[in-house]
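Fold and contact review
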Amino acid sequence: MSDSQSFFAKLESRIAQVDSHLCVGLDPHINELFPDGDGHSRSEEERCNQAFEFCKRLIDATAPHVAAYKPNAAFFEALGPNLGIATLRKVIAAIPSSIPTLLDVKRGDIGTTAQAYAESCYDDPNGVNADGVTLSPLMGWDSVSPFITAKYSCKGAFVLCKTSNPGSNDLLSLEMGQGGTLYEKIAGLAQTWSDRAISESKTDGSGSEPPRLGLVVGATDPVALSKARKACGPDMWILAPGVGAQGGDLEAACKAGMNEKGTGMLIPVSRGVSKANDPGAKAKALRDAINAARESVVEANKSKKRKHEDVCVVDADQHVAPYQKEFLEFSLEQGVLKFGSFVLKSGRTSPYFFNAGLFASGAALYKLGKAYAASIISSKELMDSDGKVIFDVIFGPAYKGISLGAVVCAALYHDYGIDVGFAYDRKEAKDHGEGGKLVGAPMENKRVLIVDDVITAGTAIRESHSMLIKVGAKPVGVSIALDRAEKRSLEDPISSIQAVARDLNIPVISIVSLPQLQGFLRDSPDFGDELLEQVTEYRSQYGV
């Protein structure tokens, strides 16, 4: 490989040349070399000769259809201590120079040991002269840098991120304290390390290079592929093993892991090709199947973009603020927000359902309070021209409103230094102690904000408003979590929330509304066009 061309530049050049994202694995397993089962009794020389012929036949048959080859070092090492590595080198030398060679070694060490590993993988003539390698990243940057910096700055590596074996969940799916999984953290670090490698040792003066690192993410886990892609960005390459023998679904994997251009993924297949009656024909069929999946991804993204543009025209003022995006993501994690098919009390079949009662832990209530507080601070209706809130007390109607009012008060003080009173009511009046139905801060002659989860018919809010008026309070607004923004009926063109605001002459604000939920689905890579279409259609039919 030319010193002026990096591994990933060579890979992209090859892909453009043959229109293929297929990587054929060269795994001379002893049982494939000697189907009769007598391989271990053969001499090392016989095993190595058979391994070379096995790989050479695969290379000759499949070369027109592949983007890269991936010899697995373990199978060559197992051939014998004297000739095994020499056979690996001989196989790599037999690969056409225009096709990149990715040596599957999964190294992971530091210092001089890592340097020695790099030399054995890359050097010519003392190493095997590979273009790139697979690495374990769990010892950090120190274990990766020897393979992609200094004299190996033209090389490349794929780091293990979320592998295709079920046992990978034991570690790689562990939740991190700051949020996300370990494999998502690795994906993000890979991008950081790649940028660091480029900055430390430029291979050209252009100022722009493909990444130095890629990720290994199993095609058997589309969810992990999607999250890894989101974490590493659109430009990083993903090696996605597991299609074929391990049961990975090619189309689902491509949809989850490819970037918007329908590229950025390399699909390795070993036994599916080597065991075929005609490896060349099988490689061509796999290449074509991958390209078909790629085309589906590109077309889906084009369609989604068109729909997004249509939605944007309708909802140019309904952008999703960071606190709203965080709230929706958190609601999904908690199971508060669900997508599916739900028959509501109104008889309508909704594509989503929201149950604030499932915010049922200290952490959940803490985040919920922060979201309410952010929506209040962001609202023009509840803030004056000096940036101060227009209310003195927050009132939480029994029962859900009690906890909501408390956490919103706390969040306003913690996040914005705003200290207001808190009050709530009982369902039944108390005839001892302080007595009565109202508890907490006095509200006579005070401006009061009512906090609740949602407004369905508006009955509870109207009752609270009437109660507050009777004690001499001045209700100035309502704050809720979700505004479904639906007509009360097909004959009544306004929503329950609009009716409350009109009848009581007070503003009603929400953390999110149906149009913003629509915008969230539009912008999120985690949801497909079908769900966005369902929500869009529901809004078209029932929305105000």
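Everything here concerns the structure above.
Since we're looking at a predicted model, the values are computed, not measured.

1. Some remarks on the packing of helix α13 (residues 322-333) against helix α14 (residues 362-378)
- As a packed pair, α13 and α14 sit with axes 10 Å apart at the nearest point and diverge in direction by 150°. Classified by the angle between their axes, α13 and α14 sit roughly antiparallel to one another. Once α13 is placed against α14, the crossing between them reads as left-handed. Residues Tyr323, Phe327 and Phe330 of α13 touch α14, and the partners they reach there are Ala363, Ala364, Lys367, Leu368, Ala371, Ala374, Ser375 and Ser378.
- The residue makeup of the contact of α13 with α14, split by class, is 8 nonpolar, 2 polar and 1 charged.

2. Topic: the pattern of salt bridges
- What the rule picks out here adds up to 23 salt bridges.
- With a shortest N-O distance of 3.8 Å, Glu329 and Lys230 are connected by a salt bridge. With Glu329 in helix α13 and Lys230 in helix α9 (residues 222-232), this residue pair connects regions lying 99 residues apart in the sequence.
- Under the relative-accessibility criterion, Lys230 is labelled partly exposed at 45%.

3. Observations concerning the nonpolar core
- The biggest cluster of nonpolar side chains holds 75 residues, and the ones touching the most others in it are Leu26, Tyr69, Leu103, Val133 and Leu215.
- Of the residues forming this core, the biggest block, 7 residues, is contributed by helix α3 (residues 44-62).
- Leu103 has contacts with Pro71, Ala73, Leu88, Cys121, Val128, Ala130, Gly132, Val133 and Thr134, leaving out every residue within four places of it along the chain.

4. Overview of the environment of Phe54
- With respect to the helices and strands, the residue Phe54 is situated in helix α3.
- Along the primary structure Phe54 and Ser341 are separated by 287 residues, whereas in three dimensions their C-alpha atoms are 54 Å apart.

5. With respect to the packing of α3 against helix α5 (residues 84-94)
- Running from N to C, α3 and α5 cross one another at 20°; their axes reach a closest spacing of 10 Å. If you check the angle between α3 and α5, you find them roughly parallel. Between α3 and α5 the crossing geometry is right-handed. Of the residues in α5, those in contact with Glu44, Cys48, Ala51, Phe52, Cys55, Lys56 and Ile59 of α3 are Gly84, Thr87, Lys90, Val91 and Ala94.
- Each residue belonging to the contact of α3 with α5 can be placed in one class, and the counts come to 7 nonpolar, 2 polar and 3 charged.

6. Topic: the pairing of strand β6 (residues 213-217)
- Most of β6 sits inside the fold, with 5 of its 5 residues counted as buried.
- Traced from β6 through α9 to strand β7 (residues 238-239), the parallel crossover comes out right-handed.

7. Comments concerning the sheet that holds strand β4 (residues 132-135)
- As summarised here, the arrangement of the 8 strands in space is β2-β1-β8-β7-β6-β5-β4-β3, forming an open sheet in which the pairing is parallel. Across the chains shown, the open sheet's two edge strands, defined by having one partner strand only, are β2 (68-71) and β3 (102-107).
- Sheet topology places strand β1 (residues 22-26) next to β2; 4 bridges connect them, and they run parallel. Bridge pairing in β2 places Cys23 opposite Ala68.
- Contacting β1 and β2, α3 crosses the sheet at an angle of about 165° to β1.

8. Structural notes on the packing of aromatic side chains
- According to the stated counting rule, one finds 14 aromatic pairs in the structure shown.
- Plain terms: the ring middles of Tyr122 and Phe147 are 6.2 Å apart, the flat faces sit at 80° to each other, and that makes the pair edge-to-face. Placement of Tyr122 in helix α6 (residues 111-122) and of Phe147 in the loop between α7 (141-144) and β5 (156-162) is noted, with a sequence separation of 25 residues between them.
- For Tyr122, a relative accessible area of 3% translates into the label buried.
- Judged by its relative accessible area of 1%, Phe147 is buried.
- Ring geometry for Phe339 against Phe527: centres 5.4 Å apart, planes inclined by 75°, an arrangement best described as edge-to-face. With a gap of 188 residues between them, Phe339 in strand β9 (residues 337-343) and Phe527 in the loop between α18 (514-523) and α19 (529-542) connect regions that are remote in the sequence.
- According to the relative accessible area criterion, Phe339 is partly exposed, its value standing at 22%.
- Taken together, the ring pairs connect Phe327, Phe330, Phe354 and Phe359 into an aromatic cluster.
- Positioned above the aromatic ring of Phe52, the side-chain terminus of Lys90 is 4.2 Å from the ring centre.

About the cut-offs
Residues numbered from 1 in each chain as written. Predicted model: local features only at pLDDT ≥ 70, side-chain atom pairs only at ≥ 80, totals over all residues. Heavy atoms only, no water. Axes fitted to C-alpha atoms, helices over the stretch in contact; angles between N-to-C directions. Helix = DSSP H or I, 4+ residues; strand = E, 2+ residues; numbered from the N terminus. Parallel < 35°, antiparallel > 145°, perpendicular 65-115°, else oblique. Left-handed = near helix turned anticlockwise from the far one by under 90°. Contact = heavy atoms within 4.5 Å. Nonpolar A, V, L, I, M, F, W, Y, C, P; charged D, E, K, R; others polar. Salt bridge = Lys/Arg side-chain N within 4 Å of Asp/Glu carboxyl O. Buried < 20%, exposed > 50% of the residue type's maximum accessible area, 1.4 Å probe, protein only. Core = buried A, V, L, I, M, F, W, Y, C linked by side-chain atoms within 4.5 Å. Right-handed = clockwise from strand over helix to strand, strands pointing away. Pairing = 2+ DSSP bridges. Phe/Tyr/Trp six-rings, centres within 6.5 Å; stacked < 30°, edge-to-face > 60°. Lys NZ or Arg CZ within 6 Å of the ring centre and 35° of its normal.

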